[in-house]
Each structure stands twice: as structure tokens, then as C-alpha cells.
Amino acid sequence: MSDKKAVSDKFEFYDVVGILVPGSILLALIAAGFPATTGVFATIGFPDAFGVICLTAVAVFAGHLVQAISSLLEPVLDWTWGGRVSERALRGELDSRYFPNDTAQRIRTKLIKAVGSGATDRSLFLYAMQIAETSGNSRVSKFNGLYAYNRALVTLLFLGLILLVVAMVWGAAEAWPIRSKISALAIVVLLLVIAWNRAKQRAYYYVREVLATAERLIDVESR
């Protein structure tokens, strides 16, 4: 019973927070920037209940699209963060308030002993992730979902910035005063920077939880 509940909770969290929310916001941005798109659906005359189902389905599709673009942009995000967070953590390159260097060296030594001296940092983390995700620690999947959600927000705001620029040329924002256009662009860029920093923090938290969980499991097995 508890296993079924855990699967259900994970499904609801990922689908509602990670998919439906970004997809709904993206549809709202498109409708606000290009009002003519909403008129197309209005002229069809769908029944209200069916219209809600259709909009929900489109929002879910848009959310999956945002997540797909997020996955494609992940190497770019890693580059802006100074490299892949998992590998930087094992090398002791993260800020000490997230992952101290002595902790990184201790866990790295245990992982090398478990995997082999020839393993790369990527292989070490993949092994840690494999045993952490099968440990039953719900925090690992939760932190992974939060990272995916915040990464999607970065992509969403990036797409929103593109939509805003296009709307200023061909859409509803074309008639805005120049001061309003500059203010809107500045706000979106500021939100993008904030979301970028939050996604980086969530990546740190997820990697730290994976490595800490893997260390506990290795210690238990060695005892």
C-alpha cells in the first residue's frame, strides 16, 4: 500500500508541478502576447466542459515541450554554472555551504573503492545515483523533481523573453510606449536571472542528497 502511495505522490507532483504549471503559463503568455490565437478557439464553439479538457491537454503538451527544451538546454545551463554540478561536487569545487571539500573527498574515496580506481567522475556519480534512487529515500526523487521544475522555469522565462520580443514587433505589445517595453524586458530578464540562480541551487541540493545517501548505503554495506 505504501509503495502505491509513493508512486501516486510522485506522479501527482511531477505532472502538476513539473508539467501542467509550466505548460499553463506558456499558454497564458502566448494568449497575452497574441490575443488573436484565443479568438480561433472561441469561433469553434466547443462546449465548456470539452473546451476545458482540450485546454488541459494542450497545457500538458506544452509542459512536456518545455521539459524537452529544458533537457536540450541542460548542457548550456551546466556551462553557465561552471560545469556539470555532479562532477564539480566530487572534485570539491562547490561552495562549502553546499558541499564542503572534505566531504567531497571522503565520499569520492568511498565511491572509488566501491566502483574501481579507473572510474570517471561521471561514472562515480551515476553509481551513486543508481543506489540512492533505489534506497527508498523519498528526498532524492523530491529534490530531482524540484530541480527539473526550476530548470523548466528557466526555459519558460527564456521562451517568455522571446515571445515578449516578438509581441513587441508583431503582437499586442507593439503599441506599448518605449518605456513600458524596456520595463517589461528588464522585469523578464531579472526573473530569468533569479530562476537561473534558483535552478543552480536546486541542482546543488539534489547532487548533495544523492551523494550523502550513497555514502550512507556504502557505509551500511561495509559494516
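Residues numbered from 1 in each chain as written. Predicted model: local features only at pLDDT ≥ 70, side-chain atom pairs only at ≥ 80, totals over all residues. Heavy atoms only, no water.

### Some details on the nonpolar core
Phase 1 of the analysis: Core analysis: the largest hydrophobic core is formed by 32 residues, its most contacted members being Leu-111 and Leu-211.
Phase 2 of the analysis: Elements with a minimum of two residues in this core: α4 (85-90), α5 (101-115), α6 (121-133), α7 (138-170) and α8 (178-222).
Phase 3 of the analysis: For this core, the element with the most residues is α8, which contributes 11 residues.
Phase 4 of the analysis: The contact partners of Leu-211, leaving out residues within four places of it in the chain, are Ala-89, Leu-90, Phe-99, Ile-107, Leu-111, Phe-125 and Ala-128.
Phase 5 of the analysis: Counting 8 residues, the second-largest nonpolar core is a separate cluster that includes Leu-26, Val-66, Tyr-149 and Leu-153. (Core = buried A, V, L, I, M, F, W, Y, C linked by side-chain atoms within 4.5 Å. Buried < 20%, exposed > 50% of the residue type's maximum accessible area, 1.4 Å probe, protein only. Helix = DSSP H or I, 4+ residues; strand = E, 2+ residues; numbered from the N terminus. Contact = heavy atoms within 4.5 Å.)

### A word on the confidence of the model for the protein
Phase 1 of the analysis: With 90% of its residues at a pLDDT of 70 or more, the protein shows a mean pLDDT of 89.
Phase 2 of the analysis: Contacts from residues 1-11, a stretch scored under 50 in pLDDT, to residues over four places away or in other chains number 1 contact. (pLDDT = per-residue confidence, 0-100.)

### Notes on the side chain of Gln-201
Phase 1 of the analysis: With respect to the helices and strands, the residue Gln-201 is situated in helix α8.
Phase 2 of the analysis: Those residues in contact with Gln-201, other than ones at most four positions away along the chain, are Arg-97 and Tyr-98.

### Overview of the packing of aromatic side chains
Phase 1 of the analysis: Scanning the entire structure with this criterion turns up 2 aromatic pairs.
Phase 2 of the analysis: Their ring planes at 65° and their centres at 4.9 Å tell us that Tyr-98 and Tyr-204 sit as a pair that is edge-to-face. Of this pair, Tyr-98 sits in the loop between α4 and α5 while Tyr-204 sits in helix α8, and the two are 106 residues apart along the sequence.
Phase 3 of the analysis: Using a relative accessible area of 8% as the deciding quantity, one classes Tyr-98 as buried.
Phase 4 of the analysis: For Tyr-204, a relative accessible area of 7% puts it in the buried group.
Phase 5 of the analysis: Summarising the aromatic geometry, the rings of Tyr-98 and Tyr-205 are spaced 5.9 Å apart at their centres and angled 55° between planes, so their arrangement reads as tilted. Here Tyr-98 is found in the loop between α4 and α5, whereas its partner Tyr-205 is found in helix α8, with 107 residues between them in sequence.
Phase 6 of the analysis: Through a chain of ring-to-ring contacts, the aromatic side chains of Tyr-98, Tyr-204 and Tyr-205 assemble into a single cluster. (Phe/Tyr/Trp six-rings, centres within 6.5 Å; stacked < 30°, edge-to-face > 60°.)

### A word on the packing of α5 against α8
Phase 1 of the analysis: The interhelical angle for the contact between α5 and α8, taken along N-to-C directions, is 55°, at an axis separation of 10 Å. Accordingly, the angle class assigned to the pair α5 and α8 is oblique. Helix-helix and strand crossings are classified by hand; for α5 and α8 the assignment is left-handed. Taken together, the residues of α8 that come into contact with α5 (itself represented by Arg-106, Ile-107, Lys-110, Leu-111 and Ala-114) are Leu-211, Ala-212, Glu-215, Ile-218 and Asp-219.
Phase 2 of the analysis: Looking at the contact of α5 with α8, its residues break down into 6 nonpolar, no polar and 4 charged. (Axes fitted to C-alpha atoms, helices over the stretch in contact; angles between N-to-C directions. Parallel < 35°, antiparallel > 145°, perpendicular 65-115°, else oblique. Left-handed = near helix turned anticlockwise from the far one by under 90°. Nonpolar A, V, L, I, M, F, W, Y, C, P; charged D, E, K, R; others polar.)

### Description of α5
Phase 1 of the analysis: When the terminal C-alpha atoms of α5 are compared, their 21 Å separation across 15 residues agrees well with the 21 Å that a helix rising 1.5 Å per residue should span.
Phase 2 of the analysis: Looking only at α5, the buried set comprises Thr-103, Ala-104, Ile-107 and Leu-111. An end-on view of α5 places all buried positions within 95° of arc, on one side of the element. Among the exposed residues of α5, those pointing more than 90 degrees away from its buried face are Asp-102, Thr-109 and Lys-113.
Phase 3 of the analysis: Buried positions along α5 lie against α4, α6 and α8.
Phase 4 of the analysis: Gly-116 occupies a position one or two residues after α5 and carries a positive phi of about 135°. (Expected span 1.5 Å × (residues − 1). Arc of directions from axis to C-beta.)

### Things to note about the packing of helix α3 (residues 48-80) against α7
Phase 1 of the analysis: It is at 9 Å that the axes of α3 and α7 come closest, and there the two elements cross at 95°. Here α7 runs roughly perpendicular to α3, going by the angle between their axes. In this structure, α3 contributes Val-66, Gln-67, Ile-69, Ser-70, Ser-71, Leu-73, Glu-74 and Leu-77 to the contact, and α7 contributes Tyr-147, Ala-148, Arg-151, Ala-152, Val-154, Thr-155, Leu-156 and Leu-159.
Phase 2 of the analysis: Of the residues belonging to the contact of α3 with α7, the class tally is 10 nonpolar, 4 polar and 2 charged.

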